[in-house]
Every structure is written in C-alpha cells, then in structure tokens.
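Take a look at the letters that make up each chain.
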Amino acid sequence: MLGFLFILLAGLLISSVGSGLFFVRKFKLTPPETLCAAIGASYVFIYLTSALIYALHLPQFCYSVVSFACGCLTIACWRQWKALWKHPQTRWAISSFGLLFLWTLVLLSMIRNYSGAHWSGDWVEHYERTTFFLNHDPKDTLFFGMYLLPARPPLMNLVAAHFLGQVGQHYDLFQIVCTFLNLTVFFPCWLILRAMVPKGGGKISRTALLFLLAASPMFIQNATYAWTKELAAFYVILGLWFYLRAWRKNDPVRMTVAFLSLAAGILAHYSAAPYAVFIFLHHVLVVVHRGRPGRWQETAIAGICSAALLGTWVVWSLIMYGPDVTFASNTTIHDSSTMSLAENAKKIGWNCFYSIIPHPFHMDLRRFQHEFAQPNPWGMVRDYVFLCVQTTLVAAMGFLGGLVVLFQLGKTTFKAAGEIGRAHV
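What counts as what
- Residues numbered from 1 in each chain as written.
- Predicted model: local features only at pLDDT ≥ 70, side-chain atom pairs only at ≥ 80, totals over all residues.
- Heavy atoms only, no water.
- Helix = DSSP H or I, 4+ residues; strand = E, 2+ residues; numbered from the N terminus.
- Contact = heavy atoms within 4.5 Å.
- Polar contact = N/O pair within 3.5 Å; in protein donor to acceptor, adjacent residues only side chain to side chain.
- Axes fitted to C-alpha atoms, helices over the stretch in contact; angles between N-to-C directions.
- Parallel < 35°, antiparallel > 145°, perpendicular 65-115°, else oblique.
- Left-handed = near helix turned anticlockwise from the far one by under 90°.
- Nonpolar A, V, L, I, M, F, W, Y, C, P; charged D, E, K, R; others polar.
- Disulfide = S-S within 2.5 Å.
- Buried < 20%, exposed > 50% of the residue type's maximum accessible area, 1.4 Å probe, protein only.

> Which parts of the structure should I look at to understand the environment of Ser 16?
Summarising the element assignment, Ser 16 is placed in the loop between α1 (2–15) and α2 (18–24). Once residues within four sequence positions are removed from consideration, Ser 16 is found in contact with Gly 11, Ala 38, Ile 39, Ser 42, Tyr 43 and Phe 180. At 2.5 Å, the side chain of Ser 16 and the backbone oxygen of Leu 12 are in polar contact. Here the side chain of Ser 16 touches Tyr 43 through a polar contact of 2.9 Å, side chain to side chain.

> Just checking my understanding: could you explain the packing of helix α3 (residues 31–55) against helix α13 (residues 229–249) for this structure?
Angle between the axes and distance between the axes: these two values describe a pair of packed helices. α13 packs onto α3 with a crossing angle of 135° between their chain directions and a minimal axis gap of 11 Å. If you check the angle between α3 and α13, you find them oblique. For the pair α3 and α13, the crossing hand works out as left-handed. Of the residues in α13, those touching α3 at Glu 33, Cys 36, Ala 37, Ile 39, Gly 40, Tyr 43 and Val 44 are Leu 231, Phe 234, Tyr 235, Leu 238, Trp 241, Phe 242 and Arg 245. In the contact of α3 with α13, the residues fall into eleven nonpolar, one polar and two charged.

> What is the right way to read the state of the cysteines from this model?
What we call a disulfide is simply a covalent bond connecting the sulfur atoms of a pair of cysteines. Within this structure, the stated rule accounts for zero disulfides. Unpaired in terms of disulfides, Cys 189 finds its nearest cysteine sulfur in Cys 36, a separation of 9.6 Å. Judged by its relative accessible area of 23%, Cys 189 is partly exposed. We note that Cys 352 lacks a disulfide partner, and the nearest cysteine sulfur, in Cys 388, lies 18 Å from it. Judged by its relative accessible area of 44%, Cys 352 falls in the partly exposed class.

> Mind showing me how you'd approach the packing of helix α6 (residues 88–109) against helix α10 (residues 186–196) here?
Contact pair α6 / α10: the axes reach a minimum separation of 11 Å and the direction vectors enclose 140°. Classed by the angle they form, the pair α6 and α10 counts as oblique. The crossing of α6 and α10 is right-handed. Here Gln 89, Thr 90, Trp 92, Ala 93, Ile 94, Ser 96, Phe 97 and Leu 100 of α6 come into contact with α10, specifically with Phe 186, Phe 187, Trp 190 and Arg 194. Among the residues forming the contact of α6 with α10, the class breakdown is eight nonpolar, three polar and one charged.

> Sorry, what's going on with the environment of Arg 366 here?
With respect to the helices, strands and loops of the structure, Arg 366 is situated in helix α19 (residues 365–371). The exposure class assigned to Arg 366 is exposed, which follows from its relative accessible area of 70%. Along the primary structure Arg 366 and Leu 148 are separated by 218 residues, whereas in three dimensions their C-alpha atoms are 38 Å apart.

> Teacher, can you tell me more about unusual backbone geometry here?
Keep in mind that most residues, glycine aside, have a negative phi and that most peptide bonds are trans. Of note, the phi angle at Phe 144 is positive, near 60°, even though the residue is not glycine. Turning to its location among the elements, Phe 144 is positioned in the loop between α7 (122–135) and α8 (155–167). The backbone phi angle of Asn 250 is positive, close to 55°, even though this residue is not glycine. Turning to its location among the elements, Asn 250 is positioned in the loop between α13 and α14 (252–268). Given the relative accessible area of 35%, Asn 250 is considered partly exposed.

Here's what the structure looks like:
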C-alpha cells in the first residue's frame with residue numbers, strides 16, 4: 001500500500017504541472033501566472049487523454065503511458081521549471097501548497113466518515129463516477145441509485161481516473177487525489193492576493209492567506225470531502241484573474257486563457273456556469289461594445305477555444321444520451337422543470353434568503369433538533385455550526401471574517417458613491 005501511495009504522490013507532482021507548463025511556456029505571462037496556468041492546463045490535458053482512453057475502450061496501462069508522456073513534457077521544459085523555482089514568490093507558493101497539503105492529509109486521516117447535517121452521499125456518487133470511467137461501465141448506470149452520467153460534468157472524475165488507473169481503485173487513494181485537486185484553488189487565491197495588497201505587505205499577507213485557509217472550516221470541508229467544487233473554484237478564480245488582466249492590458253492571450261479556464265470550470269462543476277455567463281456578458285457589453293482594438297478576433301479565438309473544450313463533453317453526451325438527458329438530468333434543472341414559474345421564483349427567493357441569513361435567525365433550536373435529529377450531543381453542535389458555515393455566504397468566510405468583508409464592502413461602496421457624487425457636482 002505504501003508503494004502505491006508513493007507512486008500516486010509522484011504521479012500527482014509530475015502530472016499536475018509539467019504537461020501544462022509545456023503548453024503555456026511560450027505565453028508572455030509572469031512567473032506566478034505561468035505556474036497557475038500550467039496547473040490548469042495540466043488537468044485539461046489529463047481530462048482529454050482520459051476521455052480518449054474511455055471513449056476508445058483502451059486498456060488501463062494507457063494511463064501509465066500518459067504519465068510517462070507528462071514526465072517527458074516536464075523534462076522538455078526543464079529550463080522553465082528552474083526559472084519558476086528560482087522566482088521567490090512561486091517558490092513560496094509551491095512550498096506553501098506542500099505544507100497545506102500535508103496539513104489537510106492530517107485532518108483527512110481523522111475523518112472516520114463523512115457527515116454534517118444531511119450532507120453525506122455525494123462522495124459515493126463521485127467515486128462511482130470515477131470507477132465508471134475506469135471500468136467502462138454501461139452508459140445507463142445510475143449513480144447513487146438516482147442519476148445518469150450527464151447529471152454531473154466529468155473533468156475531475158476523469159482526472160481522478162487517470163491516477164487510480166495506475167495505483168488501483170482504493171477509496172483512500174481516491175480521497176488523496178480529490179484532496180490534492182481541490183487544494184489547488186490555493187494558487188489563484190494567492191495570485192489575486194498579490195495584486196490586492198500594497199507593496200511591503202506581501203510576506204505578511206501571503207502567510208496570513210496560508211493560515212486562514214488552513215483554519216477555514218469551509219475551505220477544509222470542501223478540500224477533504226471527495227467532490228469537485230474546489231477544483232471548479234480553481235478554474236473560476238483563475239479565469240477571473242486572467243480576464244481582468246486581459247481587459248486592462250488588451251491581451252488576447254490572457255483573454256483566451258480566461259475563457260478556457262471558465263470552460264474547464266464548467267466541466268468540473270456546473271456551478272461555474274453563472275460566473276462564465278456573467279463574464280461573457282460583461283465582455284460583450286463592455287469590452288466589445290466600447291470598440292476595443294482587435295476585439296472581434298480576440299472574441300472569436302476565445303469563443304472557439306472554450307466552445308471546443310466544452311464540446312468534448314457536450315457533443316459526446318448528446319450522441320450517447322440525447323438532448324433531454326444531457327441538458328435536463330442535472331438535479332437543479334430537473335427539479336425546476338417540474339415546478340411552475342411562480343414556484344421557481346419563490347424557491348429562488350428563499351434560496352437567496354437562506355444564503356445570506358444564517359439559520360439561527362430563522363429556525364429555532366427545537367425545530368433544528370427535530371429536522372436534524374442527532375443522538376450525539378457533539379454531533380448536534382457540529383451540525384449546527386456546519387449549516388451556518390456551509391450554506392451561508394457571510395459565515396462561509398468565517399464568522400468574524402465575513403463581518404470584516406461586509407465592512408470593507410460597505411466602506412468601498414460608500415467611497416465610490418462619494419466620488420461619483422463629487423464628480424456630478
């Protein structure tokens with residue numbers, strides 16, 4: 001077992017940057033941007049190769065062939081590797097990620113079973129989806145006894161299949177893979193942090209970021225739970241960073257990377273789609289509409305590349321499952337399709353309310369104990385706090401951190417409103 005663990009960790013290190021760095025090394029990006037783009041491109045490369053292995057019914061040793069190819073690509077861009085390691089900030093980021101990964105593995109080792117209120121089954125479904133690709137199961141396989149394959153996008157499951165195809169289908173190894181993939185959201189957070197802090201406060205802010213993530217219940221819960229949300233967040237935050245940089249620098253390369261990142265985020269989890277739609281509308285209404293030079297060529301390239309990436313999943317699903325299952329099997333869409341317009345509007349309104357107001361303000365303790373019956377008193381405390389943190393926007397940032405963010409948001413809004421008012425005087 002220790003041998004498999006060593007192979008897995010070596011494979012994660014080699015496959016998570018090297019292949020992507022080979023593809024992005026010619027882009028005119030800063031070293032921190034190159035590191036983050038290389039990670040994102042590596043997982044897209046593994047997703048595409050794993051999808052090809054599944055679609056062509058190739059044997060599992062092909063996953064090892066892909067890892068060997070990743071190793072060769074890593075060697076081919078050895079100079080770029082050395083340049084990244086010599087850069088002090090990227091070296092700090094890689095080292096800090098290693099510490100965060102080790103810390104999270106310690107926490108993961110203490111988890112006897114996944115639980116938290118009624119949240120307990122998604123890990124089964126994603127493990128089943130990963131083994132589905134490994135074992136070439138029938139297309140009508142129901143996951144968690146309820147969902148067909150198109151109910152969830154496949155990127156992270158196919159990436160996990162790549163690693164498990166080389167070390168075996170042990171669930172504990174699957175947990176390690178998911179934890180590693182989910183923790184990569186650290187890198188784009190660090191990337192954005194660099195632009196937000198004033199010069200001179202970089203070291204303190206970077207260290208604060210590491211400790212805040214390591215101590216964040218929301219972050220750790222999503223990192224140790226074997227599902228796909230934090231990898232999707234990695235691509236969303238990375239896409240947002242490159243989009244803002246491309247907008248300010250008039251850079252078509254960064255714009256293409258931005259939309260490719262958002263497309264990859266959708267392939268990891270459908271919750272990335274609203275962010276992609278918002279940025280697309282902003283691009284159309286603000287960037288294109290204002291007559292930016294080369295805007296049509298830039299938009300065409302970014303659109304074609306991201307559509308091609310999304311098409312690898314959507315087109316295949318349409319061929320295998322048809323439009324109804326492809327577009328309507330997701331739980332959110334399926335549940336909404338059975339409700340009237342008024343019922344959907346009411347549901348959206350209550351969801352917005354519950355996402356802002358923690359449950360202690362609209363659910364008394366007796367009702368909570370009835371709906372989330374728990375014989376263990378410490379389990380009841382865990383469930384009570386879990387629902388505050390996991391389902392509420394402000395508490396998800398920390399009970400104190402959320403208040404600080406609201407204060408800063410109000411301060412910034414008030415300052416911007418004052419500047420607008422003075423401009424009109």
